[in-house]
Amino acid sequence: MRKVSTLIRWRSTWAGLSHLEQKPFFIDRLVVIAARNWPGLEGRTASLADILGESFVGLSTGHALQEHITRQAARLGGHLHIRIRVPGLDNVCRLVAQGAGIGIVPESAARGSARTLRSLRLTDDWATRQLNLCARRFDELTPQAKLLAAALV
């Protein structure tokens, strides 16, 4: 019997796994989050270029989302000024709400802290990601994996 974990995965469109069968299951939008009283972030939207000079609360080195954001900053010829790195999105939201810096997180993570944060939609194309469920072959999945895939897509 094959292990489910080796057969079924999720990925975003930039991950480069085109050799796998893919089924879209979620649109992941990234937003900039800041404490309610954070100066200098006006309006409802921002681009990464607009905020590169800010201090960031980032995710741990090696975290896929953080690496994605870091690559985008490098493409602009800049880098993120990361004040502190933390292991999870909840930690990013908590520290940003306390004024430690700004952050970039999925919109769903920001919603959970909406009372203590304000969020601005990132206008960069890369900030809207299509998440896909991937498998070598969906028709070869175990019955349990097929049920999981059906529930997700």
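What counts and how
Residues numbered from 1 in each chain as written. Predicted model: local features only at pLDDT ≥ 70, side-chain atom pairs only at ≥ 80, totals over all residues. Heavy atoms only, no water. Pairing = 2+ DSSP bridges. Helix = DSSP H or I, 4+ residues; strand = E, 2+ residues; numbered from the N terminus. Polar contact = N/O pair within 3.5 Å; in protein donor to acceptor, adjacent residues only side chain to side chain. Salt bridge = Lys/Arg side-chain N within 4 Å of Asp/Glu carboxyl O. Buried < 20%, exposed > 50% of the residue type's maximum accessible area, 1.4 Å probe, protein only. Arc of directions from axis to C-beta. Contact = heavy atoms within 4.5 Å. Core = buried A, V, L, I, M, F, W, Y, C linked by side-chain atoms within 4.5 Å.

(A) View of the pairing of strand β2 (residues 21–35). In this sheet, strand β8 (residues 128–135) lies alongside β2 in antiparallel orientation, the contact comprising 8 bridges. Paired with Asp 28 across the two strands is Arg 129, which belongs to β8. Where β2 lies against strand β7 (residues 117–122), 5 bridges are found, and the strand directions are antiparallel. Looking at the pairing, Val 32 lines up with Leu 120 of β7.

(B) Molecular detail of the environment of Asp 139. Here Asp 139 lies in the loop between β8 and α5 (143–152). A polar atom in the side chain of Asp 139 sits 2.6 Å from the side chain of Arg 137.

(C) Quick peek at the pattern of salt bridges. For the structure on display, the rule yields 5 salt bridges. Among the ionic pairs, Glu 107 bridges to Arg 121, the shortest N-O distance being 2.9 Å. Note that Glu 107 is positioned in helix α4 (residues 107–111) and Arg 121 in strand β7, a separation of 14 residues in sequence. The exposure class assigned to Glu 107 is partly exposed, which follows from its relative accessible area of 21%. Within this structure, Glu 107, Arg 111 and Arg 121 form a network of salt bridges that share partners.

(D) Focus on helix α3 (residues 89–97). Burial in α3 covers these residues: Val 92, Cys 93 and Val 96. The arc enclosing the buried residues of α3, seen along the axis, measures out at 95°, which places them on a common side. Among the structural elements, β2, β4 (55–59), β5 (81–86), β6 (103–106), α4 and β7 are those in contact with the buried residues of α3. Downstream of α3 by one or two residues, Gly 99 has phi in the positive range, about 90°.

(E) Inspection of the nonpolar core at higher detail. Formed by 34 residues in total, the largest nonpolar core has its most connected members in Ile 33, Ile 51 and Ile 104. Sorting the residues of this core by element identifies β2, α1 (48–51), β4, α2 (64–75), α3, β6, α4 and β7 as the ones contributing at least two each. For this core, the element with the most residues is β2, which contributes 6 residues.

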